[in-house]
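# Summary of the model geometry
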Amino acid sequence: MILHVDMDAFFAAIEQRDNPRLKGRPVIVSGHSKRSVVSTASYEARKFGICSAMPVFQAKQKCPHLIILPGSRNKYLNDSQQIMKILKRFSPVVVPVSIDEAYVDTQGCDKLFGSPKQIAVQIKTAVLNEIGLTCSVGIAPVKFLAKIASDMNKPDGLTYISRKNMDNVIATLPIKKVPGVGTQALKLLTALQIKTLGDVKHFDQALLSRKLGKMGTRLSKLSLGHDTPLQAQSVRKSISSETTLSKDIYTLAEVRKVLLEQSHRVGRDLRKKNWICRHVSIKIKFSDFSQITRSKKTESWISSSNAIYDLATQLYDKVSIKKKIRLIGVGVSDFKHTSEPVQMSLLLDRDEKIDQQWDCVDQAMDSVLQKFGSDIIKKASLNTPCDKKSKGTK
Ligand code: TTP
Ligand code: MG
């Protein structure tokens, strides 16, 4: 059996734990600009109809006495790491999938910790006692059903889908609840009259694959209760950071500043994991909500924020910008642990010596940030006003 552990209202719950005056009150964590959206809402705030991704102004309309907190990324990452450590005490196969959720394979763990249900109870107790937070756990024979189960009785839930009961759950599971089914797929599925995963089971598989490509094949397999096995090595595939800007921007200087900020964030997360990468991507959303992504693979393995920034700006420089920009994101992928050997290439496309020097700067900055908090030190160029003369350029 597989467990899916998902923390309840993660960022908000951490804030409530750390400030008892917030307990039992409607709290959201979000950016502080007018256009910010809710990243998480406490369950008290959800009673007012507030949910993730809702614009903050709308949340305030729904609940005028809402408490809005800026949040602290480092604090959340630290709690996340402690929670993952707890999970690893119960099984050697723990696969984190986001900052607040992970799969745990219970196979072979029964002799030490008992049945999957007993393991789930022990995990919930350990997380509550040691971290001071509640989580919801789903138990099922396959991954996607475990994830669905963890969401069924939130908060502080424990839901078990047995092998016997799998078919019943699949038969009535709304298709939009299947992990990975996004807006586009949902539109196509609705057009095909597919409302539940059970409907997929009775649908022509070849036709579904033709209409939805890989997603169609995957859904057919899921409808039969088949999911990919949990593998310890299928760890996080990418790290990214994106910001919806407080106002749409256009100048190169403004964009570079945001790219630099994002590159630092992503770089810090990368180094925290002791990873290096060689794939950098950017995402740009325009004022009309259209968006583009661009990515680049390098021969050299990198981890410095400066190298990430360098590649992000190279990608940006190749984009023809005709509209104002609303959101900017930077991501990295294709990882290796720093302890793994790196194949040297004759075609190195970056000056490794300079990258190493920047690595040292980053490590020093990371230690200062870790000790004194997220805003204590930053690149000087992030403090200087943007150069107005570069208006209109890319
Ligand atoms: P979720 O697990 O999706 O949400 P949650 O833990 O706040 O609430 P739930 O009880 O329903 O699981 O996300 C985990 C954290 O990730 C969340 O606390 C904040 C962050 N997050 C964002 O920053 N932006 C988002 O759009 C979402 C969905 C989450
Ligand atoms: Mg959660």
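A brief structural summary.

### A word on the packing of helix α4 (residues 73-90) against helix α13 (residues 252-272)
- Between α4 and α13, the shortest axis-to-axis distance is 13 Å and the interhelical angle comes to 25°. The orientation of α4 relative to α13 falls into the category roughly parallel. Considering how the two elements wind past one another, α4 and α13 form a crossing that is right-handed. For the pair formed by α4 and α13, the contact residues are R73, N74, L77 and Q81 on the first element and R265, R268, D269 and K272 on the second.
- Among the residues making up the contact of α4 with α13, the classes are represented as one nonpolar, two polar and five charged.

### Here we look at the coordination of the magnesium ion (ligand 2)
- Within the protein, the magnesium ion (ligand 2) binds to D6 (OD), M7 (O) and D100 (OD); these donor distances fall in the range 2.0 to 2.3 Å.
- Considering all six donor atoms around the magnesium ion (ligand 2), angles at the metal cover 79 to 177° and the coordination shape is octahedral.
- Donor residues for the magnesium ion (ligand 2) sit on one chain with the sequence pattern D-M-x92-D. A residue pair is termed long-range when its members are at least 10 positions apart, and D6 in strand β1 (residues 2-7) and D100 in the loop between β5 (94-98) and β6 (101-105) qualify at 94 residues.

### Observations concerning the packing of helix α1 (residues 10-18) against α4
- Packing of α1 against α4 leaves a shortest axis separation of 11 Å and a crossing angle of 100°. Put simply, α1 runs roughly perpendicular to α4. Side by side, α1 and α4 meet where F10, F11, I14, E15, R17 and D18 of the first sit next to K75, Y76, D79, S80 and I83 of the second.

### Topic: the site of ligand 1
- Inspection of the region around ligand 1 gives 13 residues, with A9, T40, Y43, R46 and D100 positioned closest.
- M7 places a polar main-chain atom, nitrogen or oxygen, 3.1 Å from an oxygen atom of ligand 1.
- Class assignment of the residues belonging to the shell around ligand 1 gives a composition of five nonpolar, three polar and five charged.

### A few points about the side chain of K143
- Mapped onto the elements, K143 comes out in helix α7 (residues 143-150).
- There is no salt bridge for the buried K143, and the closest opposite charge comes from D227, which lies 4.9 Å off by N-O distance.
- A distance of 3.1 Å separates polar atoms of two side chains, one belonging to K143 and the other to T228.
- The residues contacting K143, other than those within four sequence positions of it, are I2, Y103, D227, T228, P229 and L230.

### Regarding the packing of aromatic side chains
- Within the structure shown, the criterion is met by four aromatic pairs.
- Measuring from centroid to centroid gives 5.9 Å for F10 and F11, while their planes differ by 50°, and the two rings are tilted.
- The class for F10 is buried, based on a relative accessible area of 5%.
- F11 sits in the partly exposed class, given a relative accessible area of 22%.
- Taking 4.6 Å as the distance between ring centres and 25° as the angle between the ring planes, the aromatic pair formed by W275 and F335 counts as stacked. With W275 in strand β10 (residues 275-286) and F335 in strand β12 (residues 325-337), this pair connects stretches of sequence that are 60 residues apart. The two residues W275 and F335 agree in class, both being buried.
- The structure contains a cluster of three or more aromatic residues connected by ring pairs, namely F10, F11 and Y76.

### A word on the nonpolar core
- Counting 33 residues, the largest nonpolar core has L259, Y316, I325, I328 and V332 as its most contacted members.
- Those elements giving two or more residues to this core turn out to be β9 (238-249), α13, β10, β11 (291-302), α14 (305-317) and β12.
- Apart from the residues within four sequence positions on either side, V332 is in contact with K237, S238, I239, V266, L270, C277, H279, V280 and I308.
- Among the nonpolar cores identified, the runner-up in size contains 31 residues, and I161, I175, V178 and V181 belong to it.

Rules and cut-offs
- Residues numbered from 1 in each chain as written.
- Chains lettered and ligands numbered in written order.
- Predicted model: local features only at pLDDT ≥ 70, side-chain atom pairs only at ≥ 80, totals over all residues.
- Heavy atoms only, no water.
- Axes fitted to C-alpha atoms, helices over the stretch in contact; angles between N-to-C directions.
- Helix = DSSP H or I, 4+ residues; strand = E, 2+ residues; numbered from the N terminus.
- Parallel < 35°, antiparallel > 145°, perpendicular 65-115°, else oblique.
- Left-handed = near helix turned anticlockwise from the far one by under 90°.
- Contact = heavy atoms within 4.5 Å.
- Nonpolar A, V, L, I, M, F, W, Y, C, P; charged D, E, K, R; others polar.
- Donors = N, O, S within 2.8 Å, 3.2 Å for Na, K, Ca; no water.
- Tetrahedral: all angles 85-135°; square planar, octahedral: opposite > 155°, others 65-115°.
- Near = heavy atom within 4 Å.
- Polar contact = N/O pair within 3.5 Å; in protein donor to acceptor, adjacent residues only side chain to side chain.
- Buried < 20%, exposed > 50% of the residue type's maximum accessible area, 1.4 Å probe, protein only.
- Lys, Arg positive; Asp, Glu negative; His and termini not counted.
- Salt bridge = Lys/Arg side-chain N within 4 Å of Asp/Glu carboxyl O.
- Phe/Tyr/Trp six-rings, centres within 6.5 Å; stacked < 30°, edge-to-face > 60°.
- Core = buried A, V, L, I, M, F, W, Y, C linked by side-chain atoms within 4.5 Å.

Worth remembering: the numbers are spatial, not functional.
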